[in-house]
Amino acid sequence: MNNEVIKRQIKSILLNLIGSSMLAFGVCAFVEPFHIIVGGSTGIALVLHRLTGMNVSVFALALNILVLPIGYFFYGKELVIGSILSSLFFPMSLAVFEQIPVITTIADNIMLASICGGIVCGAGIGIVMRSGGSTGGMDIPVLVISKLFHKRVDMLINVFDTIIMVCQIPFSNITFVIYGVIYTFIMTRSLQSVLTFGEDRLKFSIVSEKYEELASHLIENDFGVTMTYAESGYTKTPIKKVESVMRSYQNRAALRLIEEIDPEAFVTIEKVLEVKGRGFTLERLYIDKSW
């Protein structure tokens, strides 16, 4: 095992521990003290806690253990190893934070707790997922469904959380349900922001009479380019459309380059949800065209 692999594994473990700790802190500091209705395994654990009086950490651990075989079947040992780490560390962190009463006084009202709890818990879950693991519980079924049906993780979390929150209505009142919806909305936005941080992609579609020159300059500046045949709707003139997918921070540089070559170019920019393939998830290759 080389040094790069070891460094990558250490980084993954540290991110997993940090994310699990943030999630546990968010639950103890903001969610539990104000009885905010939440979804996921934490929501199930909180309901069981209110029914039995037992610590949330006990139920969180039990639920996490139950879903691990599902994760192993669909994702293999890599996800399960990361999930085991967070599945154990999250309840342990909960147990530690539950013994520090001052944590529950950080927020002095339920609205502030809903906002802060959503931000902290969402960021914690996102960090764990970016490390290659999951926080266990409902994260694993969500990841499995996302893989099977190619649905967005944050959308599926919203669906599962809504179902779990609706099931909690008999144990609470409508006020806490409303704050639970606010918490869930902020939490999923925070989660998605962490998952896509530094990974946003944009797709440029450029229609220009100088398509050859544009494509050449884009390639020289290390942008990937695809040429597609198109036709002007009004004049019926055949033309080639230049398409390029790039990282969001490259947006301004690409626009400047296009404007320098053809200020009259017709450019549309779309946000891309996910990109897979050479130059993004696979290493970029440079082919010698001198032959």
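Quick note: structure is the one above.
Now for a description of the structure that goes with this document.

Rules used throughout
- Residues numbered from 1 in each chain as written.
- Predicted model: local features only at pLDDT ≥ 70, side-chain atom pairs only at ≥ 80, totals over all residues.
- Heavy atoms only, no water.
- Pairing = 2+ DSSP bridges.
- Helix = DSSP H or I, 4+ residues; strand = E, 2+ residues; numbered from the N terminus.
- Axes fitted to C-alpha atoms, helices over the stretch in contact; angles between N-to-C directions.
- Contact = heavy atoms within 4.5 Å.
- Phe/Tyr/Trp six-rings, centres within 6.5 Å; stacked < 30°, edge-to-face > 60°.
- Buried < 20%, exposed > 50% of the residue type's maximum accessible area, 1.4 Å probe, protein only.
- Patch = residues over 30% accessible without salt bridge, like charges linked within 9 Å, V, L, I, M, F, W, Y side chains within 5 Å.
- Areas by Shrake-Rupley, 256 points an atom, 1.4 Å probe, with all protein chains shown as cover.
- Salt bridge = Lys/Arg side-chain N within 4 Å of Asp/Glu carboxyl O.
- Polar contact = N/O pair within 3.5 Å; in protein donor to acceptor, adjacent residues only side chain to side chain.
- Expected span 1.5 Å × (residues − 1).
- Core = buried A, V, L, I, M, F, W, Y, C linked by side-chain atoms within 4.5 Å.

## Section: the sheet that holds strand β4 (residues 266-272)
Judged by pairing direction, the sheet is antiparallel, and its four strands sit side by side in the order β2-β3-β1-β4 without closing on themselves. Because the sheet does not close on itself, it has two edges, and the strands there are β2 (226-231) and β4. Strand-to-strand, the axes of this sheet are offset by a mean angle of 25 degrees, without reference to chain direction. The pairing of β2 with strand β3 (residues 238-247) spans six bridges and is antiparallel. Bridged to M227 within β3 is V242. Against the sheet, helix α9 (residues 211-220) touches β1 (201-207), β2 and β3, its axis set at about 20 degrees to β3.

## Observations concerning the packing of aromatic side chains
In this description, an aromatic ring pair is defined by two values, namely the gap between the centres and the angle between the planes. For the structure on display, the rule yields two aromatic pairs. Seen in terms of ring centroids, F25 and F30 are 6.1 Å apart; in terms of plane orientation they differ by 85 degrees. Their pairing is edge-to-face. Here F30 falls in the buried class, since its relative accessible area comes to 5%. Aromatic pair F25 and F97: ring centres 5.6 Å apart, planes at 75 degrees, arrangement edge-to-face. You can see F25 sitting in helix α1 (residues 3-31) and its partner F97 sitting in helix α4 (residues 77-97), a full 72 residues away along the chain. Feature note: the residues F25, F30 and F97 constitute an aromatic cluster, connected by ring pairs.

## Observations concerning a nonpolar patch on the surface
Residues L61, I65, I84, L88 and M92 make up a contiguous nonpolar surface patch of roughly 430 Å² in combined accessible area. Listing elements by their share of the nonpolar patch, those giving two or more residues are α3 (56-75) and α4. Here the element with the most residues in the nonpolar patch is α4; it accounts for three residues. Relative to the elements of secondary structure, L88 occurs in helix α4. Residue classification places L88 among the partly exposed positions, given a relative accessible area of 43%.

## So, unusual backbone geometry
At H35, a position not held by glycine, the phi torsion is positive, near 55 degrees. Within the fold, H35 resides in the loop between α1 and α2 (40-52). Unlike most non-glycine residues, D222 shows phi in positive territory, near 70 degrees. Note on placement: D222 falls in the loop between α9 and β2.

## What about the environment of T104?
Turning to its location among the elements, T104 is positioned in the loop between α4 and α5 (110-130). Overall, T104 belongs to the partly exposed group, its relative accessible area being 37%. For the pair T104 and A29, spaced 75 residues apart in sequence, the C-alpha separation works out to 4.7 Å. A polar side-chain atom of T104 sits 2.6 Å from the main-chain carbonyl oxygen of P101.

## A word on helix α8 (residues 174-196)
The terminal C-alpha atoms of α8, which comprises 23 residues, lie 33 Å apart, in line with the 33 Å expected from a rise of 1.5 Å per residue. For α8, the set of buried residues is V177, Y179, G180, Y183, T184, I186, M187, T188, S190, L191, Q192 and V194.

## Concerning the pairing of β3
Relative to β3, β1 runs antiparallel, the two sharing seven bridges. Bridging across to β3, L202 finds its partner in M246. Between β2 and β3, which pair antiparallel and follow one another directly, the connecting turn spans six residues, one of which, K236, has a positive phi of 60 degrees.

## Examining the nonpolar core
Counting 36 residues, the largest nonpolar core has I36, L94, M129, I157 and Y183 as the members making the most contacts within it. Looking at this core, the elements with two or more residues in it are α1, α2, α3, α4, α5, α6 (139-149), α7 (153-167) and α8.

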